Amino acid sequence: MKRALWLLWLLAVTQAAPPPFPENALGLGYRHPGAGVVVAGTVLPFAPLGLESGASLYLAADPGFEDLRGYLNLGVLVFPGLAVGPAFGEVGGFVRFDGVKDASGAGLGLALGFAGGLELDAPLPLALYAQAGPGFLRGFRLAWGVGVRAYPAEALALELGADDRLGLYAALLYLW
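All chains use their own residue numbering, which begins from 1 and follows the written sequence. For a predicted model such as this one, the threshold for reporting local features is a pLDDT of at least 70, and the threshold for listing and counting side-chain atom pairs is 80 or more; totals across whole chains, interfaces and linings nevertheless cover every residue. The basis for every side-chain value is the complete set of heavy atoms in the structure, and neither hydrogens nor water enter the calculation.

**Student:** So, the pattern of salt bridges: which residues are in play, and what are the values?
**Tutor:** Within this document, salt bridges are pairs made up of a side-chain nitrogen of Lys or Arg and a carboxyl oxygen of Asp or Glu, the two lying within 4 Å of each other. Counting across every chain of the model gives nine salt bridges. Of the charged contacts, one joins D67 and R31 as a salt bridge, the two residues approaching to 3.4 Å between their closest N and O atoms. Of this pair, D67 sits in the loop between strand 3 (53-61) and strand 4 (68-84) while R31 sits in strand 1 (residues 25-31), placing them 36 residues apart in sequence. The residues D67 and R31 share a single accessibility class, namely buried. The salt bridge partner of E159 is R149, with a shortest N-O separation of 2.8 Å. Of this pair, E159 sits in strand 9 (residues 156-163) while R149 is found in strand 8 (residues 140-153), placing the two residues 10 residues apart along the sequence. Working definition: with a 1.4 Å probe on protein chains only, accessible area under 20% of the residue-type maximum means buried, over 50% means exposed, and in between means partly exposed. Residue class for R149 comes out buried when judged on its relative accessible area of 4%. We count a stretch as a helix when DSSP gives it H or I for four or more residues in a row; a strand needs E for two or more, and each element gets its number in order from the N terminus.

Structure below.
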């Protein structure tokens, strides 16, 4: 069991989706194939046990609202400022609440796991992140997400990611 947990932790840290580091953000995007995405994130006003915490909401819908899906991700940073060469890393955990309405009906789910991220500065500020953990939604599954967030301007970010709920998506975010 220890080996399995160690492997799961290593998988979450080494795969470079919401970022584990909390940011106040709001944005719109596109999910392949053919759906709009709304992204919102916030730094939570409390710090359980002195740990940095945040929440991210991802919602996607096709134009006819036949396929709706999304999740609320609550994260806590256990190690918020790991120095990894010229970059900074973060490691923490997440609890994710999933919701889906599609041709198979509606469903609610839950996932728990590890999250990790790496922030790079040159030549364009980037953040790579990943999360993985066991989950349940219409059966047991692996909840996962990977992504990259680029910061081309002071208050803007471009996010490209993929996860088990939304698939491949891109979003333009306003940060404050």
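**Student:** Account for unusual backbone geometry, with residues named and values stated.
**Tutor:** If you check the backbone angles, R138 has positive phi at about 60 degrees while not being a glycine. Tracing the sequence through the fold places R138 in the loop between strand 7 (126-136) and strand 8.

**Student:** Can you explain the sheet that holds strand 6 (residues 105-120)? Please cite residues and give values.
**Tutor:** Strands pair in a sheet through their backbones, by hydrogen bonds, and they do so in one of two ways: parallel or antiparallel. The pairing criterion for strands is at least two bridges between them, as found by DSSP. Sheet architecture is closed into a barrel: 10 strands sit in the order 1-2-3-4-5-6-7-8-9-10, paired in antiparallel fashion. Each strand of the sheet is rotated relative to its neighbour by a mean of 20 degrees, with strand direction disregarded. Sheet analysis places strand 4 next to strand 5 (residues 87-102), joined by 14 bridges and oriented antiparallel. Bridged to G75 within strand 5 is F94. A fitted line through C-alpha atoms serves as each axis, taken over the contacting stretch for helices, and the angle formed by two N-to-C directions is quoted from 0 to 180°.

Any functional reading would require information beyond the geometric quantities listed.
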